[in-house]
Amino acid sequence: MKRNYEFSAFVLAMASVFVMAMPQDASAQGYLKALPKAAKNFTRVGVISGYRAAKGYDNAVRNARLNSNLNRQARLSHINNGVAVGGVKANAVNVLPDTSKNKTKKTGVKRNPKAKQAKVEAQKKKDVLDRESLYARAISALLDDKNKEFVSLIRRSSDAQYAPAQYAYAMSNLERCEGHERDKWLELVRRSADAGYGQACAYISALYDWYGSEGNFENNKDSAYVWARRASDLGSKDGHLLAASYAFERGDTLQGVKYMERAYAYEFRLDSLYTEYYGERSLNYCLVYYEDTHSCASWLAPDMYDNLLSWRVLNAKTEAEHQACYDLAQYVSDELFTSYSSLVLANYCMGFGNLMPATPEGVVMHLEEASEVIPMATAKLADCYYAGYGVERDSVYALSLYRDAAERGSAEAMYMLTFLYNDAECYDSVREWGMRPELADSADIQYVVGCSYYNEEEYKKSIDYFVRAAEGGNVYGKWMAYVVYATILCDEDKAFEYVRQAAEAGYPDAMNDLAICYLNADHVDRDVAKALQLFGQAKDAGYLPAYNNLGCVYYAKKSEYGMKPDRKRAARYWYEGAEKGDPNSMFNYAECQIKGKYGVAKNEAEGYGLMRKAAEAGSENAVIFLNMEGK
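Please read all numbers here as calculations on a predicted model, not as lab measurements.

Enquirer: Can you help me understand the overall build of the chain in this one?
Expert: A tally of regular secondary structure across the chain gives 33 helices and zero strands. Looking at the chain alone, contacts between residues at least 24 apart form 47% of all its contacts between residues at least 6 apart. For the chain, the exposed area adds up to about 35600 Å²; of that, 50% sits on carbon and sulfur atoms.

This is the structure:
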């Protein structure tokens, strides 16, 4: 058993006096042998002062410990210098430490650097898990309305340098602070952002943009965009929304769409995590929950999603792309209640994109949802009531909806009101809506306004609007400009120019009149073939007088148009025109029947009957013929 040689200085001093006073007999010698060597040397000094004894205590104890340990090692070691198993010392010199240069190196356990590094890494992981656990517990406490517990846990996680906790702790204090008290918490937000937390980066972006001059954040759109892009790259929902808004604001639509696609993908992550609300709340759930419920940019979501939806709809070409647009519109309508998404759904219910059969009831339902905000949706809803599409027809209610939409700036509603009032011959109302700046570029509306003046015989005013309509490409405007110049203002050159434009645009009446110009060499060289071609085009386009005109050309003498007559062909054209109801064709074919000419079998009964029909239809020649015949 190891002896304890740590005596107090007083005991050693008293032992020295006691030994000196003892007789030098065997018992004394035995006692001296029992003391360590240092203690025996200490007794030979004699009676010493307490001060010197106390001073020598340290050296005595140190040497006593050394010799005791060395002796113990010697007893327990098997060496070759005469030491027995029981530990009896054969040579005291061998017990002392070997200070020679050739001593052997101490043997021991070698330290493994990799093992040490692994231990450090394991400790780091443990620290991370601890601070993540604190954060998750804090957010769970917040969910359970345990605010004091939340503050305590979130502070501890923040002190452990966990970036999301730093942000949450800073935000919990910013909500209660004002003025310069906010600066230290804004600095904590900055540290969280520098550590790579996306939500903190998004908040800094907002500081640079909206709040201005708070803390060290001065208003700077460029810095705001930089931080927003960084937040988006780090996966922050607010970062996606902010970066998209800055991109759209700068006119970079493709970048804006890219960030909104990220935001849309993020929503599916939310849906999968929110199932944990009533179960075990994981760290991911707590992170997403806090970011979603403490958003600084959620108010941007409706407009940004509408921008994404608009871009998708405009660029959708395949059925799969239209299906994706429909799914997005359904999501935005259900979650964000945007009117634009309801309008898109209404269009798909009309059969847009051939995605589904038209469902009139669905169209009306979605248009009613959208009409509260979007005037164009109100105008489309008015179309449904005016046409009885999906609802019972109600033209009066439709008119009120058109007026409501028009007063809110819907050009579509103004357009419809102009035509409706023109049909009702309410010409003042035609001009009230048709002359609005929103419709200044509409050639159709310029034509209708021109008609309102024409019908009130204000021809000089009407021609201005007809010309505007013609210049805008409205074929009816071209025709009416020709009519006014030819019949009222008597400007043959301008009349010919506009009839030519109207004919080239495919207006049947104009093609017939231009054919007459070629036939009679009016403002153009005579070209009978061109005239016949134009008459044929007018006939095919549904202009009935062209049948009679073709018949007349083929009936005419060679001296008139320089071509051999073909009166059987002429009779066929008159027959076709009579069958379709053209009065002059009926007159000419009836005469052929009465006289039995040009390949037509004589049949006076049918001929006179057809002649009377021609007169009733407005043929003056038929009236004269019947009067002359006394019929």
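Enquirer: Hey, could you run me through helix 15 (residues 319-335) in this one?
Expert: In an α-helix, one turn spans 3.6 residues, which is why side chains three or four residues apart end up on the same side. Taking 1.5 Å per residue as the helical rise, helix 15 with its 17 residues ought to reach 24 Å, and the 24 Å between its terminal C-alpha atoms agrees with that figure. Considered for burial, the residues of helix 15 that qualify are His322, Cys325, Tyr326, Leu328, Ala329, Tyr331, Val332 and Ser333. Positive phi shows up at phenylalanine 337, right after helix 15, with a value of about 55°.

Enquirer: What exactly am I supposed to notice about the pattern of salt bridges here?
Expert: Two side chains bearing opposite charge may form a pair once their charged atoms approach each other closely. Tallied over the full model, the rule gives 18 salt bridges. Across the salt bridge formed by aspartate 540 and lysine 539, the nearest N and O atoms sit 2.8 Å from each other. Judged by relative accessible area, lysine 539 falls into the buried class, the value being 15%. The salt bridge partner of glutamate 591 is lysine 595, with a shortest N-O separation of 3.1 Å. Taken as a pair, glutamate 591 and lysine 595 lie in helix 31 (residues 583-595) at a separation of four residues, close to a single helical turn. Classification of glutamate 591 by relative accessible area gives partly exposed; the value is 24%.

Enquirer: What should I look at first to understand empty space enclosed by the protein in this one?
Expert: Any empty space left between the atoms is revealed when a probe the size of a water molecule rolls over them. Across all of its chains, the model carries two cavities of 30 Å³ or more by this definition. Around the second largest cavity, the lining residues are Gln199, Lys237, Asp238, Tyr266, Glu291, Asp292 and Ser295. Listed by contribution, the elements that provide at least two residues to the lining of the second largest cavity are helix 11 (237-249) and helix 13 (283-293). For the lining of the second largest cavity, the residue count by class is one nonpolar, two polar and four charged.

Enquirer: What should I look at first to understand helix 23 (residues 459-471) in this one?
Expert: Its 13 residues place the ends of helix 23 18 Å apart at the C-alpha level, agreeing with the 18 Å of an ideal helix rising 1.5 Å per residue. Among the residues of helix 23, Ser462, Ile463, Tyr465, Phe466, Val467, Ala469 and Ala470 are the ones counted as buried. Taken together, the buried residues of helix 23 touch helix 22 (443-455), helix 24 (475-487) and helix 25 (492-504). One or two residues past the end of helix 23 sits glycine 473, with phi positive at roughly 95°.

Enquirer: Would you explain the packing of helix 20 (residues 411-423) against helix 22 in this entry?
Expert: Between two packed helices, the angle of one axis relative to the other and the distance separating the axes together describe the packing. Two elements in contact, helix 20 and helix 22, have axes separated by 10 Å at closest approach and are oriented at 25°. Put simply, helix 20 runs roughly parallel to helix 22. Judged by the sense of rotation from one axis to the other, the crossing of helix 20 with helix 22 is left-handed. Residues Tyr415, Thr418, Phe419 and Asn422 of helix 20 form the contact with helix 22, whose participating residues are Asp444, Ile445, Val448 and Ser452. In the contact of helix 20 with helix 22, the residues fall into four nonpolar, three polar and one charged.

Enquirer: Explain the nonpolar core here, please?
Expert: The tendency in soluble globular proteins is for nonpolar side chains to be buried side by side. Core analysis: the largest hydrophobic core is formed by 93 residues, its most contacted members being Leu367, Phe466, Trp479, Leu514 and Met611. In terms of residue count, helix 24 provides more of this core than any other element does, eight residues in total. If we ignore the near neighbours within four places in the chain, the residues touching methionine 611 are Phe587, Ala590, Glu591, Ile594, Ala622, Phe625 and Leu626. Formed by 77 residues, the second largest nonpolar core is a distinct cluster that contains Leu153, Ala163, Tyr285 and Tyr326.

Enquirer: For this particular structure, what's the right way to read the side chain of asparagine 548?
Expert: Mapping asparagine 548 onto the fold places it in helix 28 (residues 545-555). With residues up to four places along the chain from it excluded, the contact list for asparagine 548 reads Trp574, Asp582, Asn584, Ser585 and Asn588.

Enquirer: How do you make sense of unusual backbone geometry when you look at a structure like this?
Expert: Trans is the common state for peptide bonds, and a negative phi is the common state for residues other than glycine. Residue glutamine 161 is not a glycine yet carries a positive backbone phi of 70°. Among the secondary structure elements, glutamine 161 is positioned in the loop between helix 6 (147-159) and helix 7 (163-174). Phi at alanine 521 takes a positive value of approximately 55°, unusual for a residue other than glycine. With respect to the helices and strands, alanine 521 occurs in the loop between helix 26 (508-520) and helix 27 (528-540).

Enquirer: Would you explain the packing of aromatic side chains in this entry?
Expert: For any two aromatic rings, the description comes down to two numbers: the centre-to-centre distance and the angle of the planes. Across all of its chains, the model carries 29 aromatic pairs by this definition. Between tyrosine 476 and tyrosine 507 the ring centres are 5.7 Å apart and the planes differ by 80°, which places this aromatic pair in the edge-to-face class. Residue tyrosine 476 is located in helix 24, and its partner tyrosine 507 is located in the loop between helix 25 and helix 26; the two are separated by 31 residues in the primary sequence. On the basis of relative accessible area, tyrosine 476 is assigned to the partly exposed category, the value being 42%. Between tyrosine 554 and tyrosine 573, the aromatic rings sit 5.9 Å apart at their centres with planes inclined by 15°, giving stacked as the arrangement. With tyrosine 554 in helix 28 and tyrosine 573 in helix 30 (residues 567-580), this pair connects stretches of sequence that are 19 residues apart. Of the two residues, tyrosine 554 and tyrosine 573, neither departs from the other in class, the shared state being buried.

Enquirer: Is there a simple way to explain the environment of isoleucine 488 in this structure?
Expert: Within the secondary structure layout, isoleucine 488 lies in the loop between helix 24 and helix 25. Once the C-alpha coordinates of isoleucine 488 and tyrosine 459 are considered, the two residues, 29 residues apart in sequence, prove to be 7.9 Å apart.

Enquirer: Looking at this structure, how should I read the packing of helix 19 (residues 395-407) against helix 20?
Expert: It is at 8 Å that the axes of helix 19 and helix 20 come closest, and there the two elements cross at 135°. Taken together, the axes of helix 19 and helix 20 are oblique relative to one another. Judged by the twist between their axes, the crossing of helix 19 over helix 20 is left-handed. Residues Leu399, Tyr402, Arg403, Ala405 and Ala406 of helix 19 pack against Ala413, Met414, Met416, Leu417, Leu420 and Tyr421 of helix 20.

Enquirer: Please explain the side chain of lysine 478 as it appears in this structure.
Expert: Looking at the secondary structure, you find lysine 478 in helix 24. Ignoring sequence-local partners within four residues, the contact set of lysine 478 consists of Ala470, Gly473, Tyr498, Gln501, Ala502 and Ala505.

Enquirer: Would you explain the confidence of the model for the chain in this entry?
Expert: Regions with low pLDDT should not have their predicted coordinates read in detail. Taken residue by residue, the chain gives an average pLDDT of 82. The fraction at 70 or more is 77%. Below a pLDDT of 50 lies the segment residues 1-55, which in the model reaches 37 contacts outside its immediate sequence neighbourhood of four places, other chains included. Scored below 50 in pLDDT, residues 72-107 makes 19 contacts in the model with residues more than four places away or belonging to other chains.

The rules behind the values
Residues numbered from 1 in each chain as written. Predicted model: local features only at pLDDT ≥ 70, side-chain atom pairs only at ≥ 80, totals over all residues. Heavy atoms only, no water. Helix = DSSP H or I, 4+ residues; strand = E, 2+ residues; numbered from the N terminus. Contact = heavy atoms within 4.5 Å. Areas by Shrake-Rupley, 256 points an atom, 1.4 Å probe, with all protein chains shown as cover. Expected span 1.5 Å × (residues − 1). Buried < 20%, exposed > 50% of the residue type's maximum accessible area, 1.4 Å probe, protein only. Salt bridge = Lys/Arg side-chain N within 4 Å of Asp/Glu carboxyl O. 1 Å grid on protein atoms, 1.4 Å probe; cavity = no way out; pocket = protein on both sides within 12 Å on 5 of 7 lines; lining within 4 Å. Points joined across faces, edges and corners; volume = space filled by probe spheres on them. Nonpolar A, V, L, I, M, F, W, Y, C, P; charged D, E, K, R; others polar. Axes fitted to C-alpha atoms, helices over the stretch in contact; angles between N-to-C directions. Parallel < 35°, antiparallel > 145°, perpendicular 65-115°, else oblique. Left-handed = near helix turned anticlockwise from the far one by under 90°. Core = buried A, V, L, I, M, F, W, Y, C linked by side-chain atoms within 4.5 Å. Phe/Tyr/Trp six-rings, centres within 6.5 Å; stacked < 30°, edge-to-face > 60°. pLDDT = per-residue confidence, 0-100.

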